[in-house]
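# Structural overview for review
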Amino acid sequence: MTRNRQFDRLLLAHEDNEPLFSKHGQIVAALARSLLERTPGDRITRVHEYAARLDASVGTVQAGLQYLTSVGAVHLEARGRLGTYVVAVNYPLLWTIAMRRPLVGALPLIYSRRLIGLATGLRTQFDRLPIDLELRFIRGAGQRVQALVSHQCDWALLSRHAAMHYPEIDVVTDLGPDTFMAQHVLILRDAAAPGIQDGMRIGVDPSSADHTLIVHATCRGQRVEFIEIDYAEGLHLVMSGVIDGTVWSREDVPSEITDLGVIPLSAHDYPELVALGTAVLVVDRGNRPVAAVLGAAIEINELRLIQNEVLERRRTPAY
């Protein structure tokens, strides 16, 4: 992981960066953590209250606030007896000063070019900001949520369908249709088969609430044998005859493969597909600082544009 060069330049350009690297750094970081909870228009804690809470002098607290203002992390406005108010916040920079570590996100395993495009877009947008981003790739929505609530990561990427099953998280960004998965198809080893038939061995990834839902929906009313698989291996397992079929994404089936049955699944027949195909960014419930950083970092229209450029092979993946 490479430290963000924009923040390095900011530190070098500042005449006195001592507050970040001495005992005063603890005060600066504590003030930054407090301000991460604020939004423009909020009144901040009074200086003497900060001093008492942080066991510091009023002068030290004032110097810390002046430092955060001078580096552009926050814009404050004093209004006399009314107190001091937040005018603007650079949440990514404030996070870097407050936490002194990367922002950690949990993504699914990159088994689809659509997810590769999304990871590339996220990396592109964060690389412009004074914050380091670390991406971890974890199989299964449940495992990503567990990493989130156990504080092994700060945010996670799920489908909207999966997110609805976890009351301990908040959805902070909905990226819209066809951002998580798209073009769901039933792939069958027997190209002549009209669909699911009794006695078929159908692959399902139990670690994925999404895959479990759509596979069971397509097999409704049929007597089949469910075989536990890793979703990423689905196409290979069908081609090798280990299973007779599974649900996959049409855009991830190579064009040269023509001897399989590929049956499109429509949202008309399977309304669940809309929620399965929508990517959302989630945080543990009530985590306002991370929600604010994500809100400042993510521009949805551009993110989707980058994702489509990767899908259409007009942009090289980089994440």
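Residues numbered from 1 in each chain as written. Predicted model: local features only at pLDDT ≥ 70, side-chain atom pairs only at ≥ 80, totals over all residues. Heavy atoms only, no water.

## So, empty space enclosed by the protein
Counted by the stated rule, this structure contains one cavity of 30 Å³ or more. Taken as a whole, the largest cavity encloses approximately 280 Å³ of empty space. Lining the largest cavity are 23 residues, and of these Tyr111, Ser208, Asp210, His211 and Tyr231 sit closest to its centre. Elements with a contribution of two residues or more to the lining of the largest cavity: helix 7 (141-149) and helix 9 (209-218). The element that contributes the greatest number of residues to the lining of the largest cavity is helix 9, accounting for four residues. (1 Å grid on protein atoms, 1.4 Å probe; cavity = no way out; pocket = protein on both sides within 12 Å on 5 of 7 lines; lining within 4 Å. Points joined across faces, edges and corners; volume = space filled by probe spheres on them. Helix = DSSP H or I, 4+ residues; strand = E, 2+ residues; numbered from the N terminus.)

## Quick notes on unusual backbone geometry
Negative phi characterises most residues that are not glycine, and trans characterises most peptide bonds. With a phi angle near 60°, Asp178 is a residue other than glycine that sits in the positive phi range. One can find Asp178 in the loop between strand 6 (169-174) and strand 7 (184-188). One non-glycine residue, Arg313, adopts positive backbone phi at about 60°. With respect to the element layout, Arg313 can be found in the segment after helix 13 (300-311).

## Some words on the pairing of strand 8 (residues 201-204)
Direction of pairing for strand 8 relative to strand 9 (residues 225-228): parallel, over a ladder of four bridges. By the bridge assignment, Arg201 is partnered in strand 9 with Glu225. With helix 9 bridging strand 8 and the parallel strand 9, this β-α-β connection has right-handed handedness. (Pairing = 2+ DSSP bridges. Right-handed = clockwise from strand over helix to strand, strands pointing away.)

## Some remarks on the nonpolar core
Residues Leu68, Leu103, Phe126 and Trp155 are the most contacted members of the largest nonpolar core, which totals 64 residues. The element best represented in this core is helix 5 (residues 91-99), accounting for six residues. (Core = buried A, V, L, I, M, F, W, Y, C linked by side-chain atoms within 4.5 Å. Buried < 20%, exposed > 50% of the residue type's maximum accessible area, 1.4 Å probe, protein only.)

## Side note on the packing of aromatic side chains
This structure, assessed with the given rule, holds three aromatic pairs. For the pair Phe137 and Tyr319, a centre-to-centre distance of 5.8 Å together with 70° between the ring planes defines the contact as edge-to-face. Within this pair, whereas Phe137 is found in strand 4 (residues 133-137), its partner Tyr319 is found in the segment after helix 13, the two being separated by 182 residues in sequence. Tyr319 sits in the partly exposed class, given a relative accessible area of 39%. Grouping aromatic residues by their ring pairs yields a cluster made of Tyr111, Tyr231 and Trp248. (Phe/Tyr/Trp six-rings, centres within 6.5 Å; stacked < 30°, edge-to-face > 60°.)

## Examining the pattern of salt bridges
Scanning the entire structure with this criterion turns up 13 salt bridges. One salt bridge connects Asp127 with Arg123, and the closest N-O pair in it is separated by 4.0 Å. A relative accessible area of 17% places Arg123 in the buried class. The salt bridge partner of Asp205 is Arg139, with a shortest N-O separation of 2.9 Å. Residue Asp205 is found in the loop between strand 8 and helix 9, and its partner Arg139 is found in the loop between strand 4 and helix 7; the two are separated by 66 residues along the sequence. (Salt bridge = Lys/Arg side-chain N within 4 Å of Asp/Glu carboxyl O.)

## Examining a nonpolar patch on the surface
On the surface, a nonpolar cluster with roughly 250 Å² of combined accessible area is contributed by Leu109, Phe137 and Tyr319. Its location among the elements puts Leu109 in the loop between strand 3 (103-107) and helix 6 (113-126). You can call Leu109 partly exposed: its relative accessible area is 33%. (Patch = residues over 30% accessible without salt bridge, like charges linked within 9 Å, V, L, I, M, F, W, Y side chains within 5 Å. Areas by Shrake-Rupley, 256 points an atom, 1.4 Å probe, with all protein chains shown as cover.)

## Focus: the confidence of the model for the chain
In this model, the chain carries a mean pLDDT of 92, and residues with pLDDT of at least 70 account for 93%. Low pLDDT (under 50) marks residues 1-19, which in the prediction has 36 contacts with non-local residues, meaning those over four places away or in another chain. (pLDDT = per-residue confidence, 0-100. Contact = heavy atoms within 4.5 Å.)

## Quick notes on the environment of Leu103
Position of Leu103 among the secondary structure elements: in strand 3. A relative accessible area of 0% means that Leu103 is categorised as buried. Between the alpha carbons of Leu103 and Asn301 there is a distance of 22 Å; along the sequence they are 198 residues apart. Setting aside its immediate chain neighbours within four residues, Leu103 contacts Trp95, Phe126, Ile131, Asp132, Leu133, Glu134, Asp154, Trp155, Val290, Val293 and Leu294.

## Brief notes about helix 7
Among the residues of helix 7, those classed as buried are Ala141, Arg144, Val145, Ala147 and Leu148. Relative to the axis of helix 7, the buried residues are bounded by an arc of 160° and lie together on one face. Buried positions along helix 7 lie against strand 3, strand 5 (155-159), helix 8 (160-163), strand 6 and strand 12 (279-284). Within two residues after helix 7, His151 carries a phi angle of roughly 65°, on the positive side. (Arc of directions from axis to C-beta.)

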